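# Summary of the model geometry
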Amino acid sequence: MLTILFLGDVVGEPGRSAVIARLPELRERLSLDFIIVNGENAAGGRGITGKITIDLLRAGVSVITTGDHIWDQKDIVAFIDIEPRLLRPVNYPLGAPGSGAVVLETAKGKVGVINVQARTFMQPILENPFHAVATAVEKVREETSVIVVDVHGETTSEKIALGRFLDGKVSAVIGTHTHVQTADEQIFPGGTAFLCDAGMCGPVHSILGRAIEPIMSRFASNMPIPFPVAPGEVRLRGALVEIDEASGRALSIARVDEPGPAPSEKAPEQPAQ
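Residues numbered from 1 in each chain as written. Predicted model: local features only at pLDDT ≥ 70, side-chain atom pairs only at ≥ 80, totals over all residues. Heavy atoms only, no water.

### Regarding the pattern of salt bridges
Where charged atoms from two side chains of opposite charge approach closely, those side chains can pair. Basically, it comes down to this: A pair is scored as a salt bridge if a Lys or Arg side-chain nitrogen falls within 4 Å of a carboxyl oxygen belonging to Asp or Glu. Helix and strand assignments follow DSSP, with helices taken as H or I runs no shorter than four residues and strands as E runs no shorter than two, numbered in order from the N terminus. Per-residue accessibility, obtained with a 1.4 Å probe over protein chains only, is compared with the maximum for each type, and a residue is labelled buried under 20%, exposed over 50%, and partly exposed between these values.
Scanning the entire structure with this criterion turns up 14 salt bridges. Glutamate 25 serves as the salt-bridge partner of arginine 29, at 2.6 Å between the closest nitrogen and oxygen. One end of the pair is arginine 29 and the other is glutamate 25, both in helix H1 (residues 12-29) and 4 residues apart, which spans about a single turn. The partly exposed category is assigned to arginine 29, whose relative accessible area is 44%. Within this structure, Arg22, Glu25, Arg29 and Glu258 form a network of salt bridges that share partners.

This is the structure in structure tokens:
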């Protein structure tokens with residue numbers, strides 16, 4: 001049996017510090033073989049940098065997935081071509097920097113990870129995710145039947161449809177992007193584990209990881225205003241998936257909701273420029 005931890009969108013310094021601090025204990029306690037983290041909000045709540053990528057990988061993360069904020073930090077375009085463990089959505093047009101899939105070796109065999117971005121209410125609108133992910137799965141299955149897909153999307157319907165579309169073809173389909181953990185973990189008839197959204201690794205007393213007052217003000221006034229990452233208590237949310245490494249079929253899936261380290265007293269992090 002192969003045990004994979006998938007953590008949802010990491011939000012800013014509070015989220016990434018909590019992930020880095022908690023991973024060693026989680027790895028031991030949960031007997032983890034592989035760790036996937038969505039890092040597209042890790043830099044001030046928008047994008048990810050090369051340094052943050054390295055910090056997460058050094059902490060024990062196996063693969064970092066992303067989404068619509070992948071290009072928000074200026075250094076990432078050059079960096080992503082030299083770090084195959086940092087993925088961007090696979091449905092970018094041919095010629096885009098980086099890759100949307102990777103296969104890595106573990107002590108229990110190879111694990112494939114695919115990152116795909118949905119289209120409904122998402123910007124930019126990428127290539128059809130169903131076509132792109134089907135092509136990627138076919139290629140990855142030449143190396144391994146253990147495949148985890150991060151579907152980064154806004155609507156539950158599109159993420160569920162992609163999960164059903166991939167049932168029996170991959171080990172797990174886990175959604176990201178909304179930062180709100182859903183309660184629909186299940187194993188589809190073909191043996192694919194599914195969770196519509198993993199949630200986030202970030203501040204609890206917030207609006208999707210951002211400070212509450214500025215977000216409320218934006219909705220009330222329609223005026224532009226900075227959205228700093230919120231301070232205070234952090235929780236790590238995601239999914240724990242157990243997979244039969246021989247067949248690639250999921251054996252179980254459970255939601256993860258773990259406390260972060262003690263809250264920091266420092267001022268809220270400002271959005272990275």
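### A closer look at the state of the cysteines
Just so we agree on the cut-off: When the sulfur atoms of two cysteines come within 2.5 Å, that pair is taken as a disulfide.
For the structure on display, the rule yields 0 disulfides. Note on cysteine 196: no disulfide assigned, nearest cysteine sulfur contributed by cysteine 201 at a separation of 17 Å. Accessibility expressed as a relative area gives 1% for cysteine 196, which makes it buried. Given the relative accessible area of 0%, cysteine 201 is considered buried.

### Some remarks on unusual backbone geometry
When glycine is set aside, most residues are seen to have a negative phi, and most peptide bonds are trans. The step from glutamine 123 to proline 124 runs through a cis peptide bond, and the omega angle for that step is -5°. With respect to the helices, strands and loops of the structure, proline 124 is situated in the loop between strand E6 (109-117) and helix H4 (129-140). One non-glycine residue with positive phi stands out, namely histidine 177, at about 110°. With respect to the secondary-structure elements, histidine 177 resides in the loop between strand E8 (172-176) and strand E9 (186-187). Positive phi values are uncommon outside glycine, yet asparagine 222 reaches one of about 65°. With respect to the element layout, asparagine 222 can be found in the loop between helix H6 (212-221) and strand E12 (234-243).

### Notes on the nonpolar core
We count it as follows: Take the buried Ala, Val, Leu, Ile, Met, Phe, Trp, Tyr and Cys residues and link them wherever side-chain atoms come within 4.5 Å; each set so joined is a nonpolar core. Here, two residues are considered to be in contact whenever any of their heavy atoms come within 4.5 Å of each other.
Counting residues in hydrophobic clusters, the biggest one holds 32 residues, and the most contacted among them are Leu5, Leu7, Val19, Leu23, Ile48 and Leu236. When residues of this core are assigned to their parent elements, the largest contribution, 4 residues, is made by H1. Excluding anything up to four places from it in sequence, leucine 7 contacts Val19, Leu23, Ile36, Val37, Asn38, Cys201, Leu236, Arg237 and Gly238. Phe34, Val111, Val148 and Ile243 belong to the second-largest nonpolar core, a separate cluster that totals 22 residues.

### Observations concerning the side chain of threonine 49
Quick note on the threshold: Polar contacts here mean pairs of N or O atoms no more than 3.5 Å apart (in protein, one a potential hydrogen donor and the other a potential acceptor; neighbouring residues in sequence count only if both atoms are side-chain atoms).
Along the chain, threonine 49 turns up in the loop between strand E3 (34-38) and helix H2 (50-58). Residue classification places threonine 49 among the buried residues on the basis of a relative accessible area of 17%. A distance of 3.1 Å separates a polar atom in the side chain of threonine 49 from the backbone nitrogen of isoleucine 52. Not counting residues up to four positions away in its chain, the partners in contact with threonine 49 are Ala43, Gln73, Asp75 and Ile76.

### What about the pairing of strand E1 (residues 2-7)?
Using the following cut-off: For two strands to be treated as a pair, DSSP must find no fewer than two bridges joining them.
With 6 of its 6 residues buried, E1 lies for the most part within the structure. Residues Leu2, Ile4 and Phe6 line one face of E1 and the alternating positions Thr3, Leu5 and Leu7 line the opposite face, and both faces are buried. Pairing of E1 with E3 involves 4 bridges; the strand directions are parallel. The residue of E3 that forms the bridge with leucine 5 is isoleucine 35.

### Description of the layout of surface pockets
Convention followed: Using protein atoms alone on a 1 Å grid, points that fit a 1.4 Å probe yet trap it form a cavity, whereas open point sets bounded by protein on both sides within 12 Å along at least five of seven lines form a pocket; residues with an atom within 4 Å of a point count as lining. Grid points are joined across faces, edges and corners, and a volume is the space filled by probe spheres set on the points. As a working rule, the residues Ala, Val, Leu, Ile, Met, Phe, Trp, Tyr, Cys and Pro are called nonpolar, Asp, Glu, Lys and Arg charged, and the rest polar, with Gly in that last group.
In this structure, the largest pocket spans a volume of roughly 550 Å³. Arg46, His69, Leu208, Arg210 and Phe227 are the residues nearest the centre of the largest pocket, which is lined by 17 residues in total. Here the lining of the largest pocket is built from residues that sort into 5 nonpolar, 6 polar and 6 charged.

### A short note on H2
We count it as follows: The directions from the helix axis to the C-beta atoms are what the arc is built from.
Residues of H2 that are buried: Gly50, Ile52, Thr53, Leu56 and Leu57. End-on view of H2: buried residues confined to an arc of 160°, all on one side of the axis. Among the exposed residues of H2, those pointing more than 90 degrees away from its buried face are Lys51 and Arg58. Here the buried face of H2 lies against H1, strand E4 (63-65) and helix H3 (76-79). In the segment just after H2, glycine 60 is the residue with positive phi, at about 120°.

### Some remarks on the environment of alanine 107
Assignment of secondary structure puts alanine 107 in the loop between strand E5 (101-106) and E6. C-alpha of alanine 107 to C-alpha of glycine 209: the two residues are 102 residues apart in sequence and 35 Å apart in space.

### A closer look at the packing of H4 against helix H5 (residues 156-165)
Heads up, the condition is: Fitted lines through C-alpha atoms serve as axes, helices being fitted only where they are in contact, and the angles separating the N-to-C directions of these axes extend from 0 to 180 degrees. By convention, the crossing between two helices is left-handed when the near helix turns anticlockwise from the far helix through less than a right angle, and right-handed when the turn is clockwise.
It is at 11 Å that the axes of H4 and H5 come closest, and there the two elements cross at 35°. The two elements H4 and H5 meet at a crossing, and its hand is right-handed. Note on element contacts: H5 touches H4 through Glu158, Ala161, Leu162 and Phe165, opposite Pro129, Phe130, Val133 and Ala134. Of the residues assigned to the contact of H4 with H5, the class counts are 7 nonpolar, no polar and 1 charged.

By themselves, these figures tell us nothing about what the structure is for.
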